[in-house]
Amino acid sequence: MSIEEIAKMIRSCKKCELWKFKKNYVPGDGNPKARIVFVGEAPGREEDLQGKPFVGRAGRYLNDVFKKVGIDRCKVYITNVLKCRPPMNRDPKPEEISSCKPYLLEQLEVIKPDVIVCLGRFSAEVILKEFGFNFRGIGRDRGRVFEVERWGKAVKIVPTYHPAAVLRNKSLESAFEEDLSKIVILTKRPKTLLDFM
């Protein structure tokens, strides 16, 4: 299965009630061969209107931090746990997460990233539990690097704050930027003799 085939399935999904309220499904966006996958919580108003993740105010801030730490948005993949916007941007319900989670896991299975970045507590809880870790809260787990064997390699999972939370609370800004800088370091491969030839 390809990322586009998963997106097609998402765009016809009616497994929970959210499809009735959305304007657009928001499957995800980016490089289907990305080494880094960012997973948020759910689409917001702008994402719902455009059908793309992280294009509103939080997305613009995320882009700014990407530029600051040296992440090329074109080279990563960005998605959410939920693929439809919850009414009034409310928190996801457990049954909505259960309905949408298989799509997220399929996306990860196809991309096989080296690093999964969990943006916010809902994403961190879903991903960490799926990969066999206990989630202790975003304040305690942010910036930690969880490592698991998957897809024949060591995959790193890094929870951090959601960009929208950082915009609401500027005291989180330095920690958020520190976490994203750490992700850049995690994806730097060690130099080999070929690099010097």
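Residues numbered from 1 in each chain as written. Predicted model: local features only at pLDDT ≥ 70, side-chain atom pairs only at ≥ 80, totals over all residues. Heavy atoms only, no water.

Focus: the environment of glutamate 106
The topology assignment puts glutamate 106 in helix α4 (residues 94-111). The exposure class assigned to glutamate 106 is partly exposed, which follows from its relative accessible area of 33%. For the pair glutamate 106 and serine 2, spaced 104 residues apart in sequence, the C-alpha to C-alpha distance is 9.1 Å. Every residue in contact with glutamate 106, bar those within four places of it in the chain, is listed here: Met1 and Ile6. (Helix = DSSP H or I, 4+ residues; strand = E, 2+ residues; numbered from the N terminus. Buried < 20%, exposed > 50% of the residue type's maximum accessible area, 1.4 Å probe, protein only. Contact = heavy atoms within 4.5 Å.)

Comments concerning the confidence of the model for the protein
Put simply, the protein has an average pLDDT of 94, and 95% of its residues get 70 or more. Counting contacts from residues 191-197, a segment whose pLDDT is below 50, to residues more than four positions away or on other chains yields three contacts. (pLDDT = per-residue confidence, 0-100.)

So, the state of the cysteines
Overall, the coordinates contain zero disulfides when judged by the stated rule. Cysteine 100 supplies the cysteine sulfur nearest to cysteine 84, a cysteine that is in no disulfide, at a spacing of 6.2 Å. Classification of cysteine 84 by relative accessible area gives buried; the value is 8%. Looking at the unpaired cysteine 118, the closest cysteine sulfur is the one in cysteine 100, lying at 16 Å. Residue cysteine 118 is classed as buried on the basis of its relative accessible area, which comes to 0%. (Disulfide = S-S within 2.5 Å.)

Some remarks on the packing of aromatic side chains
Tallying each qualifying case throughout the model produces four aromatic pairs. The interplanar angle of 75° and the centroid separation of 6.4 Å between the aromatic rings of phenylalanine 131 and tryptophan 151 together place this pair among those described as edge-to-face. With phenylalanine 131 in the loop between α5 (121-130) and α6 (138-141) and tryptophan 151 in the loop between β5 (146-150) and β6 (153-160), this residue pair connects regions lying 20 residues apart in the sequence. Here phenylalanine 131 and tryptophan 151 have matching classes, each one buried. Over the ring of tyrosine 103 we find lysine 15; its NZ or CZ atom is 4.5 Å from the centre of that ring. In this arrangement the basic side chain of lysine 170 is found over the ring face of tyrosine 61, its NZ or CZ atom lying 5.6 Å from the centre. (Phe/Tyr/Trp six-rings, centres within 6.5 Å; stacked < 30°, edge-to-face > 60°. Lys NZ or Arg CZ within 6 Å of the ring centre and 35° of its normal.)

Some thoughts on the packing of helix α3 (residues 57-69) against helix α8 (residues 173-187)
For any two helices packed against each other, one specifies the inter-axial angle together with the distance between the axes. Remark: α3 packs on α8, axes separated minimally by 10 Å, with the N-to-C direction vectors making an angle of 55°. Here α3 is positioned oblique relative to α8, judged by the angle of their axes. Seen along the crossing, α3 lies across α8 with a hand that is right-handed. Across from Tyr61, Leu62, Val65, Phe66, Lys68 and Val69 in α3, the residues of α8 making contact are Glu173, Phe176, Glu177, Leu180, Ser181 and Val184. The class makeup of the residues in the contact of α3 with α8 is eight nonpolar, one polar and three charged. (Axes fitted to C-alpha atoms, helices over the stretch in contact; angles between N-to-C directions. Parallel < 35°, antiparallel > 145°, perpendicular 65-115°, else oblique. Left-handed = near helix turned anticlockwise from the far one by under 90°. Nonpolar A, V, L, I, M, F, W, Y, C, P; charged D, E, K, R; others polar.)

Points about the sheet that holds strand β2 (residues 36-40)
Across the sheet, which stays open at both edges, the six strands sit in the order β1-β3-β2-β4-β6-β5 with mixed pairing between neighbours. At either end of the open sheet lies a strand with only one pairing partner, and these are β1 (29-30) and β5. In this sheet, β6 lies alongside strand β4 (residues 115-119) in parallel orientation, the contact comprising five bridges. Considered in β6, the bridge of valine 117 is made with valine 158. (Pairing = 2+ DSSP bridges.)

Re the pattern of salt bridges
Between side chains of opposite charge, a pair can form when the charged atoms approach closely. By the definition in use, this model includes 16 salt bridges. Close ionic contact of lysine 68 with glutamate 177 constitutes a salt bridge, the shortest N to O distance being 2.9 Å. Placement of the pair is lysine 68 in helix α3 and glutamate 177 in helix α8, with a sequence separation of 109 residues. Note on glutamate 177: relative accessible area 15%, which makes it buried. Note that glutamate 130 is salt-bridged to lysine 101, the shortest N-O span being 3.2 Å. Of this pair, glutamate 130 sits in helix α5 while lysine 101 sits in helix α4, and the two are 29 residues apart along the sequence. Overall, glutamate 130 belongs to the partly exposed group, its relative accessible area being 30%. The class of lysine 101 is partly exposed, set by a relative accessible area of 26%. What emerges from the salt-bridge pattern is a single network uniting Arg35, Asp114 and Lys153. (Salt bridge = Lys/Arg side-chain N within 4 Å of Asp/Glu carboxyl O.)

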